[in-house]
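Spelled out from the first residue to the last, the chains are:
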Amino acid sequence: MSANTLVDEERLARARAALAEKPDGVIEALADQAGVSPAEVLAVLPAGSVIRLPAADFGAVWSDLASWGDVLFIVHTSDIVLEVDGPLPQGSESHGWFNIHGDSPIGGHIRKANCSGIALVDRPFHGRRSCSVWFMNDQERAMFKVFVPRDEARELREPQLKKFEALFEQKR
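Read on for a plain summary of the structure. (Residues numbered from 1 in each chain as written. Predicted model: local features only at pLDDT ≥ 70, side-chain atom pairs only at ≥ 80, totals over all residues. Heavy atoms only, no water.)

## Description of the overall build of the protein chain
Part 1 of the reasoning: Regarding its fold elements, the protein chain presents five helices and nine strands.
Part 2 of the reasoning: Scanning the protein chain from its N terminus toward the C terminus, one meets helices and strands in the order α-α-α-β-α-β-β-β-β-β-β-β-β-α.
Part 3 of the reasoning: The C-alpha atoms of the protein chain give 16 Å as radius of gyration, which agrees with the globular expectation for 172 residues (16 Å, within 12%).
Part 4 of the reasoning: Along the longest, intermediate and shortest principal axes, the C-alpha atoms of the protein chain span 50 × 40 × 35 Å.
Part 5 of the reasoning: Expressed as a percentage of its 172 residues, the buried residues of the protein chain come to 44%.
Part 6 of the reasoning: For the protein chain, restricting intrachain contacts to residue pairs at least 6 apart in sequence, the fraction spanning at least 24 positions comes to 50%.
Part 7 of the reasoning: Of the roughly 9,100 Å² of accessible surface on the protein chain, 51% is carried by carbon and sulfur atoms. (Helix = DSSP H or I, 4+ residues; strand = E, 2+ residues; numbered from the N terminus. Rg over C-alpha atoms; globule rule 2.2 N^0.38 Å. Buried < 20%, exposed > 50% of the residue type's maximum accessible area, 1.4 Å probe, protein only. Contact = heavy atoms within 4.5 Å. Areas by Shrake-Rupley, 256 points an atom, 1.4 Å probe, with all protein chains shown as cover.)

Quick look at the structure:
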């Protein structure tokens, strides 16, 4: 066993321990607690909870998400958790950016080249099912996440949930 493998196993063991302590907790908080990356916590979620996709799928996944209607768009850093409800605009590439503009409160510019992969995540969160799509960077953190939103009764919205489940099954 190489030294790198040992370090990786130690990190994954810490991620597993943090997840065991709070299996439905915030991934970033669990990662911070364990001294690992959010990607390492995602890696130890129960089988069938995460599907990993290559960065090359960015356009196809984004296009699918843009057909969902309203979603919850989240940017989570150490300083802020920014949540915006609305539909994702289709987007276009120009000058090294993936630009999103349209009739939505969600807009801006994404460094698509920084996307190192995508994770489809279906897991419990604070006692309820949570379904999300994570666009990951090379620091093993989410650039941003797109969640199936909840209705007034705090249940996942059925139209978006069906679209998530179809994407999850298609990529399984």
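From this point, things continue past the structure.
## Notes on the pairing of strand β3 (residues 81-87)
Part 1 of the reasoning: In the sheet, strand β2 (residues 70-76) pairs with β3 via seven bridges, with the strands oriented antiparallel. Bridged to Phe73 within β3 is Val84.
Part 2 of the reasoning: In sequence, β2 turns back onto β3 through a hairpin of four residues. (Pairing = 2+ DSSP bridges.)

## Quick notes on the sheet that holds strand β1 (residues 50-54)
Part 1 of the reasoning: Pairing is antiparallel across the open sheet formed by six strands, whose spatial order is β1-β7-β8-β9-β2-β3. At either margin of the open sheet sits one strand with a lone partner, and together these are β1 and β3. Shown here is a sheet whose adjacent strand axes are inclined to one another by a mean of 20 degrees, direction ignored.
Part 2 of the reasoning: Against the sheet, helix α4 (residues 58-65) touches β1, β2, β7 (115-125), β8 (128-137) and β9 (142-147), its axis set at about 145 degrees to β8. (Axes fitted to C-alpha atoms, helices over the stretch in contact; angles between N-to-C directions.)

## So, the environment of Val146
Part 1 of the reasoning: You can see Val146 is positioned in strand β9.
Part 2 of the reasoning: According to the relative accessible area criterion, Val146 is buried, its value standing at 0%.
Part 3 of the reasoning: Along the primary structure Val146 and Leu72 are separated by 74 residues, whereas in three dimensions their C-alpha atoms are 5.7 Å apart.
Part 4 of the reasoning: Discounting chain neighbours no more than four positions away, the residues touching Val146 are Leu65, Val71, Leu72, Phe73, Leu88, Cys131, Ser132 and Val133.

## Side note on the layout of surface pockets
Part 1 of the reasoning: Taken as a whole, the largest pocket spans an internal volume of roughly 570 Å³.
Part 2 of the reasoning: Along its surface, the largest pocket is lined by 27 residues, and Leu72, Ile74, Glu83, Phe125 and Phe147 are the ones closest to its centre.
Part 3 of the reasoning: Put simply, the parts of the chain that give the lining of the largest pocket at least two residues each are α2 (27-34), β2, β3, β7, β8 and β9.
Part 4 of the reasoning: Element by element, the count of residues in the lining of the largest pocket is highest for β8, at six residues. (1 Å grid on protein atoms, 1.4 Å probe; cavity = no way out; pocket = protein on both sides within 12 Å on 5 of 7 lines; lining within 4 Å. Points joined across faces, edges and corners; volume = space filled by probe spheres on them.)

## Structural notes on the environment of Lys145
Part 1 of the reasoning: Examined against the element boundaries, Lys145 turns out to sit in strand β9.
Part 2 of the reasoning: With ten residues separating them along the chain, Lys145 and Phe135 place their C-alpha atoms 6.2 Å apart.
Part 3 of the reasoning: In this structure Lys145 touches Glu28, Leu72, Phe73, Ile74, His76, Val133 and Trp134, once residues within four positions along its chain are discounted.

## Things to note about the nonpolar core
Part 1 of the reasoning: Core analysis: the largest hydrophobic core is formed by 31 residues, its most contacted members being Trp62, Leu88, Val133, Phe135 and Phe144.
Part 2 of the reasoning: Taken together, the elements giving at least two residues each to this core come down to β1, α4, β2, β5 (97-100), β7, β8, β9 and α5 (158-171).
Part 3 of the reasoning: Listed in part, the 19 residues of the second largest apolar core include Leu30, Val36, Ala39 and Met136. (Core = buried A, V, L, I, M, F, W, Y, C linked by side-chain atoms within 4.5 Å.)

## A look at the packing of aromatic side chains
Within a pair of aromatic rings, the relevant descriptors are the distance that separates the centres and the angle that separates the planes.
Part 1 of the reasoning: On inspection of all chains with the given rule, the structure shows ten aromatic pairs.
Part 2 of the reasoning: Both rings, one in Phe58 and one in Trp62, keep their centres 6.2 Å apart while their planes meet at 5 degrees; by these two values the pair is stacked. Of the two residues, Phe58 and Trp62 both sit in helix α4, four residues apart, roughly one turn of that helix.
Part 3 of the reasoning: Note on Phe58: relative accessible area 0%, which makes it buried.
Part 4 of the reasoning: Here the aromatic rings of Phe135 and Phe144 are separated by 4.6 Å at their centres, their planes lie at 20 degrees, and the arrangement is stacked.
Part 5 of the reasoning: On the accessibility criterion, Phe135 (0% relative accessible area) is buried.
Part 6 of the reasoning: Within the aromatic cluster, the residues linked to one another by ring pairs are Phe58, Trp62, Phe73, Phe98, Phe135 and Phe144.
Part 7 of the reasoning: Here Arg111 stacks its cationic end above the ring of Trp97, 3.8 Å away from the centre of that ring.
Part 8 of the reasoning: One residue, Lys145, lies across the ring of Trp134, its end atom 4.3 Å from the ring centre. (Phe/Tyr/Trp six-rings, centres within 6.5 Å; stacked < 30°, edge-to-face > 60°. Lys NZ or Arg CZ within 6 Å of the ring centre and 35° of its normal.)

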